[in-house]
Amino acid sequence: MKASLQVKNGKYYAVLSYKDEFGQDKRKWIATGYEEKGNKRKAEQKLSEILQKYKDNENLIETHTKPTNDIPLSEYLNQWYQSRKNEVEELTFESYGFVIKKMTKYFAKNQITLNELKPYDIQTYYNTLYKEGKTGNTVMHYHVVLREALQNAIKLGLISKNVADFVDRPKKEKFHSDFYNKDELKQLFEVIKGDPLELIIHITAYYGLRRSEVLGLKWSSIDFNNKLIKINHKVVSIKGKLICKNKMKNKTSNRTLPLIPHIEEMLLNEKERQRKNKELCGDAYDNRYLDYVCVNDIGTLYYPDY
């Protein structure tokens, strides 16, 4: 039998690891009675006492403790979500957050524990999402997150199988792309003449960039001599904060494109406009984004939602 100290909901717990009569790995959580803050030494002492107590009388394991996998599913999902913070991209973590928040609310209301979760419960939840008007693609996203969380529970020894695998995968709907034709683009360009976003719209229309890519466009990525534009940087917004990074969505997102003469002319005009604005604004000019193409009159980078 082994023991370790773990924190759950701000409190220390002694976690006993052992094998049952069938040779299966089991874990038991026992409250130490100590809050996390300022009590680590006391909790460690309590851990030693608990371990010795259960070594002296291992029958206590089955009669006086509650299995870890009996924790509420909503509580486990929240713990799993927080554990992913340093393992995934910020935007991915944020998207998980939306899913987990809605999922935990549902399972907490229905008082379902991790050990009790059945395929029927999952399918019923998916049916609820469909009734709310969620698309197959959205429900599929929920399924992927839930399955990943349950797969992690298997690794932790909390459950023996992933019940999400026994549920029919939600069907993704085929994406039908739509785009402007030549006349519609002409009309669009006419309408946005003089608009602060005119350059952004032209670049996006000609190159088909994501908004994170067009906002991440830097002057250092534009090769006027060789007439090339490199797409290798992006700007995203997470909870109102701008995140600028060189890591793109995937490998193919890093690409080099030809510098179209029309866009080159607009970029050169923009470069001169920024030079004049910086000179005019003086110390009031935002010097944080000097290498970025898509900034406003005082040099501040546009937000993706804007």
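Predicted model, so just to flag it, every value in this text is computed and none were measured.

1. Considerations on the sheet that holds strand β9 (residues 255-258)
Step number 1: Taken together, the three strands give an open sheet; going across it, the order is β5-β6-β9, and neighbouring strands pair in antiparallel fashion. Where the open sheet ends on each side, the last strands, each with one partner, are β5 (222-223) and β9.
Step number 2: Relative to β9, strand β6 (residues 228-231) is paired through four bridges, and the arrangement is antiparallel. Paired with Ile 231 across the strands is Arg 255, a residue of β9.

2. Re the packing of aromatic side chains
Step number 1: A complete count under the given rule lists 11 aromatic pairs for this structure.
Step number 2: Judged by centre distance (5.8 Å) and plane angle (75 degrees), the rings of Tyr 289 and Tyr 292 are edge-to-face. Across the pair, exposure class does not vary: Tyr 289 and Tyr 292 are buried alike.
Step number 3: A connected cluster of aromatic rings, assembled from ring pairs, spans Tyr 106, Phe 107, Tyr 125, Tyr 126 and Tyr 142.
Step number 4: Positioned above the aromatic ring of Trp 29, the side-chain terminus of Lys 8 is 4.6 Å from the ring centre.

3. Quick word on helix α8 (residues 198-207)
Step number 1: Listing the buried residues of α8 in full gives Leu 199, Ile 200, His 202, Ile 203 and Tyr 207. Here the buried residues of α8 occupy an arc of 165 degrees about the axis, which is enough to place them on one side.
Step number 2: Lining the buried residues of α8 we find α7 (182-191), α9 (211-215), β6, β9 and α10 (261-281).

4. What to know about the pairing of strand β2 (residues 11-19)
Step number 1: Bridge analysis of strand β1 (residues 2-8) against β2 gives seven bridges, and the strand direction is antiparallel. Within the sheet, the bridge partner assigned to Val 7 lies in β2 and is Tyr 12.

5. Remarks on the side chain of His 202
Step number 1: By the secondary structure assignment, His 202 is in helix α8.
Step number 2: The exposure class of His 202 is buried, given its relative accessible area of 5%.
Step number 3: Sequence-distant contacts of His 202, that is, excluding residues within four places in its chain, are made with Phe 189, Ile 192, His 262, Ile 263 and Met 266.

6. Brief notes about the environment of Val 214
Step number 1: Along the chain, the position of Val 214 falls in helix α9.
Step number 2: Once the C-alpha coordinates of Val 214 and Pro 304 are considered, the two residues, 90 residues apart in sequence, prove to be 9.4 Å apart.
Step number 3: Ignoring anything within four residues of it in the chain, the contact list for Val 214 reads Ile 200, Ile 203, Thr 204, Leu 209 and Cys 294.

7. Here we look at the confidence of the model for the chain
Step number 1: Averaged over all residues, the pLDDT of the chain is 88; the fraction at 70 or higher stands at 92%.
Step number 2: Contacts for the low-pLDDT stretch residues 63-68, under 50 throughout, to residues beyond four places or in other chains number 12 contacts.

8. Structural notes on the nonpolar core
Step number 1: The biggest cluster of nonpolar side chains holds 33 residues, and the ones touching the most others in it are Tyr 76, Leu 77, Phe 107, Leu 114, Ile 122 and Leu 150.
Step number 2: Contributions of two or more residues to this core are made by α3 (73-83), α4 (90-109), α5 (119-131) and α6 (136-155).
Step number 3: Ignoring any residue separated from it by four or fewer positions in sequence, one finds Leu 150 in contact with Leu 73, Leu 114, Leu 117, Ile 122, Ile 159, Asn 162, Val 163 and Ala 164.

9. What about the side chain of Gln 274?
Step number 1: Relative to the helices and strands, Gln 274 resides in helix α10.
Step number 2: You can call Gln 274 buried: its relative accessible area is 8%.
Step number 3: Of the polar contacts made by the side chain of Gln 274, one reaches the side chain of Trp 219; its length is 3.3 Å.
Step number 4: Aside from chain neighbours lying at most four places away, what touches Gln 274 is Trp 219, Tyr 285, Tyr 292, Val 293 and Val 295.

10. Here we look at the pattern of salt bridges
Step number 1: Under the criterion given, the structure shown has 16 salt bridges.
Step number 2: One salt bridge in this structure joins Glu 213 and Arg 210, with 2.7 Å as the shortest N-O distance.
Step number 3: Overall, the relative accessible area of 2% leaves Glu 213 in the buried class.
Step number 4: You can call Arg 210 partly exposed: its relative accessible area is 36%.
Step number 5: Of the charged contacts in the structure, one is a salt bridge between Arg 288 and Asp 286, with a shortest N-O distance of 2.7 Å.
Step number 6: Overall, Arg 288 belongs to the exposed group, its relative accessible area being 59%.
Step number 7: In this structure, a network of salt bridges that share partners links the residues Arg 84, Glu 87 and Glu 148.

Criteria and thresholds
- Residues numbered from 1 in each chain as written.
- Predicted model: local features only at pLDDT ≥ 70, side-chain atom pairs only at ≥ 80, totals over all residues.
- Heavy atoms only, no water.
- Pairing = 2+ DSSP bridges.
- Helix = DSSP H or I, 4+ residues; strand = E, 2+ residues; numbered from the N terminus.
- Phe/Tyr/Trp six-rings, centres within 6.5 Å; stacked < 30°, edge-to-face > 60°.
- Buried < 20%, exposed > 50% of the residue type's maximum accessible area, 1.4 Å probe, protein only.
- Lys NZ or Arg CZ within 6 Å of the ring centre and 35° of its normal.
- Arc of directions from axis to C-beta.
- Contact = heavy atoms within 4.5 Å.
- pLDDT = per-residue confidence, 0-100.
- Core = buried A, V, L, I, M, F, W, Y, C linked by side-chain atoms within 4.5 Å.
- Polar contact = N/O pair within 3.5 Å; in protein donor to acceptor, adjacent residues only side chain to side chain.
- Salt bridge = Lys/Arg side-chain N within 4 Å of Asp/Glu carboxyl O.

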